[in-house]
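Structural overview for review
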Amino acid sequence: MSVEARPALAFPALRLLAIGAALIVAVRAWPSTAPSAAPRTIATLVAAAPPGASPANDDEILFRAGAAAVAADDPVVEARLVKLARYLELGGTAEESDAELAEVARGLGLAGEDVVIRRYLVEAARLALEHPAPADLPDEDELRAYYERNGARFAAPARVRATHVYLSAARRGEALAADAARVLNDLNTRAVGPWEAAALGDPFVRGAVIDGPRDAVARSFGPEFAGALESVAGGSWQGPIESAYGLHLVWVVERAPAAPPPLDVVRGRVLHTFLRERGAARVQQRLAALRCRATAEPGCVS
Amino acid sequence: MRIVLVTLLVATLACSDLSPAPGDPSAAGPAAPWLRTEERASCASFDPLRQPLFGDLHVHTRFSADASIFGTKVGPRDAYAFAQGASIALADEQEQPTRSARLERPIDFAAVTDHAEFFGEVNLCLTSGSPLYETEMCQNLRKADDPGDRFNVTVQWLFPAGIDNPPKSHAFCNTPGVDCDAQAVSVWQEMQAAAEEAYDRSEACGFTSFVGYEHTASPFGRHKHRNVIFRNHVVPAVPSSQLETAAEESPQGVWTAIERDCIDAGSGCDAVIIPHNPNLSGGEQFEEPLDAADAQRRQDREPLVEIHQIKGNSECRFDRLAGDGVGTEDELCAFEQLTRAHEGPDNDPPPSTAAWPRRNLVRSTLQDGLALEESLGANPFRMGFVGGTDTHNSNAGDTEEDGWDGAQGNSDASPARRIGNDLRTNPGGLTVVWAEENSRDAIFAALERRETYATSGTRPAVRLFAGTLDGVSCDAPDLIAQAYATGTPMGGELGAVRFAASPRFAVLAAKDPGTDEVPGTDLQRVQIVKGWVDGSGVARERVYDVAGSAADGTGLDRSSCTPAAGARELCAVWEDPSFDPSQRAFYYVRVLENPTCRWSTLTCKAEGVDPFAADCAQQAAARGEAFADCCLTQAEDAFFEPVIQERAWTSPIWYRPESIVRVTGAITRRRGADAGALDLRIALGGVPEKLVQGELPLTVTIDSGSELFRVTYPPGSVPIEFDAAGYLGLRVTSEAIDLASLGAGDPTIRVRLESGLYRAEHVRRWRASDDGIAPVEQ
């Protein structure tokens, strides 16, 4: 049995071009977006879209809003149209400029049908919906109050800091347990301090310090070790505790409880979380308004 | 009673002294050997001997056009949340977000690198002819003289109502990602906001995000893609995509853009550029340098290469059926190979092994880099290794073989599609950095100095050092500290540190500890891969087994896919039996785990098709046509392997005859002051002829994050002379060295020489004492 070479359209880059080309089958006139003298709201721009199927979903609504709002010569749209035009060999001669090629592609309705352009315009409209207005920005008091209510979400997890003397299972084999007992006795008998044991044990790839929350310790030493470390008393050499690698004699130097840091340290995270949460309801309201205006359903309150 | 109480009080105060104990590195340790460029709390966990941090610097979200088309609906915030352990939605075959995924083990850092080609900045109000140009909102914007008045302008075009009494300015406008200039909405701003929200600036240092993007050049289907990773929140206003840089050759165009808009902009911006998928580039990812300056420029801009990701492995290539490789006999180079050399329409049929582009492969490219250094004086391909996913599902770091959910939205959303359409893709790899702490500056510094390694998705811990390594052995508990003092870690360079004798190489590797559900696989062996160019200019390579054995751990249980027992850790100190001090070379470590079942084998088994069963074909026929490839065997296919060996590749260490052999002497501290005097001797294995002949200046810098000393000798005035050992060297002295930035404890010191295109550096951990600091090797 042999494996056939992948078909060309399995390649993402070519797939994108082919999608755009395939959609050339359904051609629609691109709505004219010439500016008018009177101020317009996006609602009227949406309503000015050519008659056709009413927006069936939010993506279509957003596409129309984006299409109406994005500049006619938007460079991303232009570049995509030029690429499609070249791929489809739409130019009559080799001397066409990019602008001319884009115009040919636009005239064929590709700006409205190409999946890449459509998704770009949808994304532009969605970003605009989500973009915080200045009024959304909290003042200092409001941000602090938010942090007081939600500080636990930003709290640093409980953390342990310890040193360890490592005894390698690979190197010591059957003598591992006995060696661990002997070294532990030696450490305690000689009252070796937590930072004075560097000359004992075996080399450990991650060094002689353990520092972090439980899940980080688990990722370094294995879950059983992390669990056992939780109950080790501090202030003296304890163990041995088994890890994925061997046995460890540990001295817990410090345990820090979970605690929210000062606001100034996490200000950026807190602010962005605040804006995103505050914006969620606003986005839904805006989308509902767009939807309402686009569908013009009876009784719909925009 | 009062005396007793006082005594008790004194005793209590003594016992409650919370200052760190003597010897605790957190007490008054050395300053970080890199610049701190951002405002943040110091990390509680700072290890001068560095810790391994696991991350993914190649992630796509819905902001990438292809990901969006694949049905990915989640964005950068979701990708960073996933990296930290949250669940996200994945697209099903109909592009609906009905599937979900979650990391069993979070990763330590990540970068969302969406394709910049489709970002765009939607300027709503500034383009004449735009539908909104003449709206009242945009008219107000254009009339505003005071930038503060621009806050009158919002995206209120979505509502007819304005905003009463908008603020003139706001304190939060300087928060990264908060775009108070509401005239433009942009994907780029959104990506920065997401990165800032995810980045833990507290002392917990729980997670690091990087702002980044992918520059996607694909001339005629040849992958010349590269990711740009920014050091901190200072980034260009607009990322330069292929659309903006097309006027210049690739990759020179993106280098120019990053230098102009970031590195040389004087804004505090810095970046590394990481190419990927050379295996799909048709040899064009690593083209011949234009000249020597271009070669040096590539070395400066691209210190790393993504050697493993979802779209295959790029280390090397060996055709198992033909018994022939691309410049190699290394049979382990059949790992995760694709069948095509590029993605152009002219790839059918793909080239034979003999005609396969050698620059598709990292090992061959590194060899060519040595030859180019010999001829040009600069090595354009001096690249360390990173791994990544390149997922288009936003599931950063999701590299487990067992239960892999695919990475391309709807196109591999089901077992049938993954097996039937994308058999040769894999879950991807990880980047591992050795860094003092989990912060942007620390990780970025590790990327820049190439103290990184790549994995094929698992999480072994691997160290590599080379040098004299006096006192370094697998018996020494202080192996790591001694190795940093007497050698260079992975990614570095060394000269003839032991004269005509080989440098010593120390490797220490520990298995992935795994989880309760998925135990880590034991190690099989450690190899050192040496590449060099011989006296005839022919590229050579040799792979040495230095610990463990190929015969170990091969007893995979094929019914349960349980790997055999092996080594929890491996250690070796090795010398090159064929070392030639006159030949430049590179050495990197490859660590192999015991054999395990590939993701496709596990998926097939879960679907009722056992690749190892005698009636596999019948099982596949019953299950469906899409599962026919479940039964593909190694006897039929040159590269496919139902059983694989996960692995790690360290960044190389480069041996350069002209590099620094040793640094001796000391920086002595004036008593009670942060000032001192410097008296060092720098021994060199060789120097450029033009330098000896007095045609070039020479700059010597000594730094430890902050610069301690710099001198430039004009042409003809460089004090080079032979030392007692017969090496060329120079003596540098100074009576005015500022030591305030060093902190206490043993610092890492970099001595760097630069003369024209000649560069050499020597990085070691020096020993601190009351008298000052000095290299351990004297």
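Here, every reference points to the structure presented above.
Conventions adopted
- Residues numbered from 1 in each chain as written.
- Chains lettered and ligands numbered in written order.
- Predicted model: local features only at pLDDT ≥ 70, side-chain atom pairs only at ≥ 80, totals over all residues.
- Heavy atoms only, no water.
- Salt bridge = Lys/Arg side-chain N within 4 Å of Asp/Glu carboxyl O.
- Helix = DSSP H or I, 4+ residues; strand = E, 2+ residues; numbered from the N terminus.
- Contact = heavy atoms within 4.5 Å.
- Core = buried A, V, L, I, M, F, W, Y, C linked by side-chain atoms within 4.5 Å.
- Buried < 20%, exposed > 50% of the residue type's maximum accessible area, 1.4 Å probe, protein only.
- Phe/Tyr/Trp six-rings, centres within 6.5 Å; stacked < 30°, edge-to-face > 60°.
- Lys, Arg positive; Asp, Glu negative; His and termini not counted.
- Polar contact = N/O pair within 3.5 Å; in protein donor to acceptor, adjacent residues only side chain to side chain.
- Pairing = 2+ DSSP bridges.

Notes on the pattern of salt bridges
In total, this model carries 86 salt bridges over all chains according to the counting rule given. Residues A:Arg278 and A:Glu142 are paired through a salt bridge, measuring 2.3 Å at the closest nitrogen-oxygen approach. Highlighted residues: A:Arg278 in helix α13 (residues 267–295) and A:Glu142 in helix α8 (residues 140–150), separated in sequence by 136 residues. Ionic contacts of the salt-bridge type, sharing partners, join the residues B:Glu373, B:Glu374, B:Arg382, B:Glu493, B:Arg584, B:Arg656 and B:Glu658 into one network.

Focus on the environment of B:Pro697
All names here are of chain B. On the secondary structure map, Pro697 appears in the loop between α16 (689–692) and β31 (698–704). Expressed as a C-alpha distance, the spacing of Pro697 and Val718, which sit 21 residues apart in the sequence, is 7.3 Å. For Pro697, the contacting residues outside a window of four places in its chain are Leu691, Thr712, Tyr713, Pro714, Pro715, Glu754 and Ser755.

Focus: the nonpolar core
Among the nonpolar cores identified, the biggest contains 67 residues, and A:Leu229, B:Tyr453 and B:Val526 are the most heavily contacted of them. The greatest single-element share of this core, amounting to 6 residues, is contributed by strand β20 (residues 504–510) of chain B. Each residue touching A:Leu229, except ones within four places of it in the same chain, is listed here: A:Val160, A:Ile210, A:Val217, A:Ile241, A:Val250, A:Val252 and A:Arg255. Counting residues in hydrophobic clusters, the runner-up holds 36 residues, among them B:Ile88, B:Ala116, B:Phe207 and B:Ile273.

Some remarks on the packing of aromatic side chains
Residues and elements named next belong to chain B. If you walk through the whole model with that rule in mind, you get 24 aromatic pairs over all chains. Measuring from centroid to centroid gives 6.3 Å for Tyr80 and Phe207, while their planes differ by 70 degrees, and the two rings are edge-to-face. Placement of Tyr80 in helix α4 (residues 76–83) and of Phe207 in the loop between α6 (187–198) and β7 (208–215) is noted, with a sequence separation of 127 residues between them. By relative accessible area, Tyr80 is classed as buried at 2%. Judged by relative accessible area, which is 1%, Phe207 ranks as buried. Judged by centre distance (6.2 Å) and plane angle (70 degrees), the rings of Trp574 and Tyr587 are edge-to-face. You can see Trp574 sitting in strand β23 (residues 569–575) and its partner Tyr587 sitting in strand β24 (residues 585–593), a full 13 residues away along the chain.

Overview of the side chain of B:Asp412
Residue and element names in this part refer to chain B. Tracing the backbone through its elements, the reader meets Asp412 in the loop between β14 (384–387) and α11 (415–421). One buried charged side chain, Asp412, makes no salt bridge at all; its nearest oppositely charged neighbour is Arg99, positioned 5.2 Å away. From its side chain, Asp412 meets the backbone nitrogen of Ala407 in a polar contact 2.8 Å long. With near-sequence residues (within four places) excluded, Asp412 lies in contact with Trp404, Asp405, Gly406, Ala407, Arg417, Arg418 and Asp422.

Points about the pairing of strand β27 (residues 647–650) of chain B
Residue and element names in this part refer to chain B. By the alternation rule, side chains of β27 split into Arg647 and Trp649 and Ala648 and Thr650, which are all buried. Relative to β27, strand β16 (residues 452–455) is paired through 3 bridges, and the arrangement is antiparallel. Bridge pairing in β27 places Thr455 opposite Ala648. Two strands pair when backbone bridges link them, and β24 and β27 are joined in this way by 3 bridges, in the antiparallel orientation. Directly across from Arg590, in β27, lies its bridge partner Trp649.

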